[in-house]
Protein chains: 2
Amino acid sequence: MELHQLRYFVAVADSGGFSKAARICFVAQPSLSQQIIKLEKELGQRLFERLGRTSVLTEAGRALLPRARLILKEAGDIKSGISDDLGSGAGQLSVGLIPTIAPYILPGVLKRFYESFPKARISVNENLTERLIKSIIGLEIELAVMSLPIEDKLIRMEPLFEDPLVLAISPVHELAKSEHVTIEDLRGIPFIALDEEHCLGEQINNFCYERQINPDIVCRTWNLSTIQHCVSFGSGVSLVPKMLVMTDVSNKCVYRPIKGQSPKRTVVAAWHRDRKLSKLAAEFIQIVKDEYAYLLETRSYEGSGNVSPIIANF
Amino acid sequence: MELHQLRYFVAVADSGGFSKAARICFVAQPSLSQQIIKLEKELGQRLFERLGRTSVLTEAGRALLPRARLILKEAGDIKSGISDDLGSGAGQLSVGLIPTIAPYILPGVLKRFYESFPKARISVNENLTERLIKSIIGLEIELAVMSLPIEDKLIRMEPLFEDPLVLAISPVHELAKSEHVTIEDLRGIPFIALDEEHCLGEQINNFCYERQINPDIVCRTWNLSTIQHCVSFGSGVSLVPKMLVMTDVSNKCVYRPIKGQSPKRTVVAAWHRDRKLSKLAAEFIQIVKDEYAYLLETRSYEGSGNVSPIIANF
DNA sequence: CCCAATCCATAGGCATTAACTATAGAATAT
DNA sequence: ATATTCTATAGTTAATGCCTATGGATTGGG
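Please read these numbers as outputs of a predicted model, since none were measured by experiment. (Residues numbered from 1 in each chain as written. Chains lettered and ligands numbered in written order. Predicted model: local features only at pLDDT ≥ 70, side-chain atom pairs only at ≥ 80, totals over all residues. Heavy atoms only, no water.)

### So, the interface of chain A and chain B
Logical step 1: Tallying the contact residues gives 40 residues for chain A and 40 residues for chain B.
Logical step 2: At the boundary of chain A with chain B, total buried surface from both sides reaches about 3,600 Å², with 58% on carbon and sulfur atoms.
Logical step 3: At the boundary of chain A and chain B, one finds 8 salt bridges.
Logical step 4: A salt bridge links Arg-62 of chain A to Glu-142 of chain B; its shortest N-O distance comes to 3.8 Å.
Logical step 5: At the surface where chain A touches chain B, the tally comes to 23 residue pairs in polar contact (both at pLDDT 80 or more).
Logical step 6: Within the residue set of the side of chain A that touches chain B, elements represented by two or more residues are helix H1 (3-15), helix H3 (29-43), strand S2 (55-57), helix H4 (59-88) and helix H10 (279-299) of chain A.
Logical step 7: If one sorts the elements of the side of chain A that touches chain B by residue count, H4 of chain A sits on top with 17 residues. (Contact = heavy atoms within 4.5 Å. Buried area = accessible area lost by both parts, 1.4 Å probe. Salt bridge = Lys/Arg side-chain N within 4 Å of Asp/Glu carboxyl O. Polar contact = N/O pair within 3.5 Å; in protein donor to acceptor, adjacent residues only side chain to side chain. Helix = DSSP H or I, 4+ residues; strand = E, 2+ residues; numbered from the N terminus.)

In structure tokens:
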């Protein structure tokens, strides 16, 4: 069965004759007749009673007619339907984020995304960089939000923003008294470190190593929120991303920017080198940027370059 | 757009590659590729991203996929769907009946029909013979229940039953005293006649003319129920079809069979000479027969050849 | 790092099939 | 009765889908 056969069939049913239908379809009458006969053979049912002047539907033809119309309508609507879907933001998007980013921007990003594209379905995968890259290459996710460095040749990237690392300290800690700290202050003090399986943990590690600073690592954890708790209990200090600070409502820690060569991580969107980003994915990237800019604007009161220790008005 | 293109498209989407899809569809890979490319051109959208090893849907492809599946499913279900419709008695039937038949059997026939074919739609047209024949030829109705004679060469017929004509008289009339009457009793007595535009009126007219009986026609009406009222008021007698008697619950008239050559009309189903009756139409014919037989069985108590004047237990 | 395998696109020939012309047979309208 | 209209058939042409061969590109394995 093919669509043109259904088109011919409907034309005959509507016009009441093979010849008229042929004119409507801009084909010769024998061509149309043959296709109708072919359709009748395939269905094993005669579709029209050929009377002298006109042709009328048989019972089988009457049963076919609404189905044929439906199919033709759906086929005819495909092109505009696809455009509508693309235009309206309907569709499916699969993204990934690393665990040191997701908790801080995902809530706001999802909220924005659903507001902008209520018809879209999004699926989020929170995982370590290595696993996300595999998912990109394996085509399981379209896009990932991660942190440099990423070396895989199959990955293409676009930078989203730079996220500074700031010192997290207990409010009663000695260093909390000054408005800002320097790298040198880290030397030899008890330090709560993020596990190096996290790229952020590795980045901090490298950062200290390059400057030949060996913090006294008293704890190595998998979770930034564990770090927060340890720091607030005075177990040590740590370096945490600013996006954590901007969404911290606990008031248990204070945060100080690093004077001088402030460490930072570069957050990027990454996707398969050979894939063209879908419209939804491109929009998602923009939303992530917007969200971070929004956090910067509303949640960090950097009067004289320092991070406010207390976030009010959440 | 053609269905085989959608089939190929779905196969690629499902298998994740053109070559695999081609094997699934039992065509060579270039053939399938060409059809996909053709579809992409028609839609103005690229449907797959061709990556090295596999191909994945674009956003447009994702939008197309469910639509394509739907259409293919509907197309695949057509054959069985038609069979189901025919088997389940779904469908549309247009019938006609003449006014001297419809009131007496239509209620019971429709009830039976709806019980047997709850999914069917029936449309009934009550009209004079001449108009019904036009409707048959004009293909507006498929079937008509009428009375002989019918001469049109374009009409094919099947007899349904013979419906005797019986004398309708007032209960206080002289003739009501005898169990039966003869034709000769009609001579010269006041007679309520049906208009000759009705075939029944003409038949009665001819019947009397052939026997050279000239009843004294005191009233000519368009409606059998008018006749009933006139007769019950003693204005005269009339000949009415037995199907009227069998459904008369008024008890205002009594009815007497005609002894000897009883007049009768032959009720037939009529349809277009060149049309094959649909299953529903054939069933309708059978139901009309059944209904008349049922009326005969339950509504006429012909103990000794006479018609019961009073129909009880309705 | 190279080689083999795989994948998709292109090109060109083949074959199928849909379309066309011409016409016949039947039915209808004038 | 004649002319017109309708559908089916036959035979031919044209289109188009399919095939084989091949090339460029990528991938996976040794």
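### Focus: the protein's contact with DNA strand C
Logical step 1: Residues in contact with DNA strand C amount to 21 residues; listed here are only the nearest, Ala-28 and Lys-38 of chain A together with Phe-18, Ser-19 and Arg-50 of chain B.
Logical step 2: The sugar-phosphate portion of DNA strand C accounts for 70% of its atoms within 4 Å of the protein, the bases making up the rest.
Logical step 3: Between DNA strand C and Ser-19 of chain B, the relevant distance is 2.6 Å, taken from a phosphate oxygen to a main-chain nitrogen or oxygen of the residue.
Logical step 4: The set of elements that each furnish at least two residues to the surface near DNA strand C consists of H3 of chain A together with helix H2 (18-25) and helix H3 (29-43) of chain B.
Logical step 5: Sort the elements by how many residues they give to the surface near DNA strand C and H3 of chain A lands first, with 5 residues.
Logical step 6: Here the surface near DNA strand C is built from residues that sort into 6 nonpolar, 11 polar and 4 charged. (Near = heavy atom within 4 Å. Nonpolar A, V, L, I, M, F, W, Y, C, P; charged D, E, K, R; others polar.)

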